[in-house]
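Architecture at a glance
Spelled out, the chains give:
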Amino acid sequence: MRIFGVILAGGQGRRMGGRDKATLLLAGRSLAAHAVDRLEPQVERLAISANGDPARLAALGLPVLPDDQPQGPLSGVLSALDWAAPYGATHVVTAAVDTPFFPGDLVPRLLLASDPSGLALARSGGDDHPTFGLWPVTLRDDLRAFLASGAKASVRAFADARGAGRADFPDDGAFLNLNTPDDLTRA
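What you see is a predicted model; the values in this text were computed from it and never measured.

Put simply, helix α2 (residues 73-84) and helix α4 (residues 140-148) touch, their axes get as near as 10 Å, and they point 145° apart. Here α2 runs over α4; the crossing is left-handed. In contact with Leu 74, Ser 75, Val 77, Leu 78, Leu 81 and Asp 82 of α2, α4 contributes Arg 140, Leu 143, Arg 144, Phe 146 and Leu 147. Per-class residue counts for the contact of α2 with α4 are seven nonpolar, one polar and three charged.

Moving on, we get to the sheet that holds strand β6 (residues 91-96). If you walk across this open sheet you meet the seven strands as β5-β4-β1-β6-β8-β7-β9, and the pairing is mixed. Of all strands in the sheet, those with a lone pairing partner are β5 (64-65) and β9 (165-169), marking the two edges. Here strand β1 (residues 3-8) runs beside strand β4 (residues 46-49); their pairing, made up of four bridges, is parallel. What sits directly across from Val 6, in β4, is Ala 47. Here α2 sits on the sheet and contacts β1, β4, β5, β6 and β8 (127-136); the angle it forms with β1, its principal contact strand, is near 145°. Of the strands in this sheet, β1, β6, β7 (120-124), β8 and β9 touch helix α3 (residues 106-113), which is tilted by about 135° from β9.

So, how was this worked out
- Residues numbered from 1 in each chain as written.
- Predicted model: local features only at pLDDT ≥ 70, side-chain atom pairs only at ≥ 80, totals over all residues.
- Heavy atoms only, no water.
- Axes fitted to C-alpha atoms, helices over the stretch in contact; angles between N-to-C directions.
- Helix = DSSP H or I, 4+ residues; strand = E, 2+ residues; numbered from the N terminus.
- Left-handed = near helix turned anticlockwise from the far one by under 90°.
- Contact = heavy atoms within 4.5 Å.
- Nonpolar A, V, L, I, M, F, W, Y, C, P; charged D, E, K, R; others polar.
- Pairing = 2+ DSSP bridges.

Written as structure tokens, this is what we have:
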């Protein structure tokens, strides 16, 4: 099994006043740098899914994967699967850039919870965290067809239709999402 990681940073940051969440600073470091620190030790290779000028993320030294057709997080998942496949990855783990405190044991817990196809999403307090998932590379053609179908590009709908497992995490705070300037200040 070969697991790669991708940080999903393609959002438009509307509730953050249109600011690029990946470059926002928390304790003197970008949110993207915090996500790299958490995910990189858990995967074989790492990239960032982000649209716009990739130079803004160059300091991280990681590949920046744009979406072919931006349709939300699932477009980033598809870009990740397409990037990982030629390198022989079996799975990709995704993590949201605006959730800097996600668990350091994300990957092993997702693996333990995955369904027979290898698909799993994170959950805490009974709520799904659909941008935190384990995605088998073999799903990429299915995902491409789903996005091309015109169906609502819902991560949860796609995952549930394929019987995704759920990895339960005890700490709700680990998935604290920084959506607004006030959230960032409190963090």
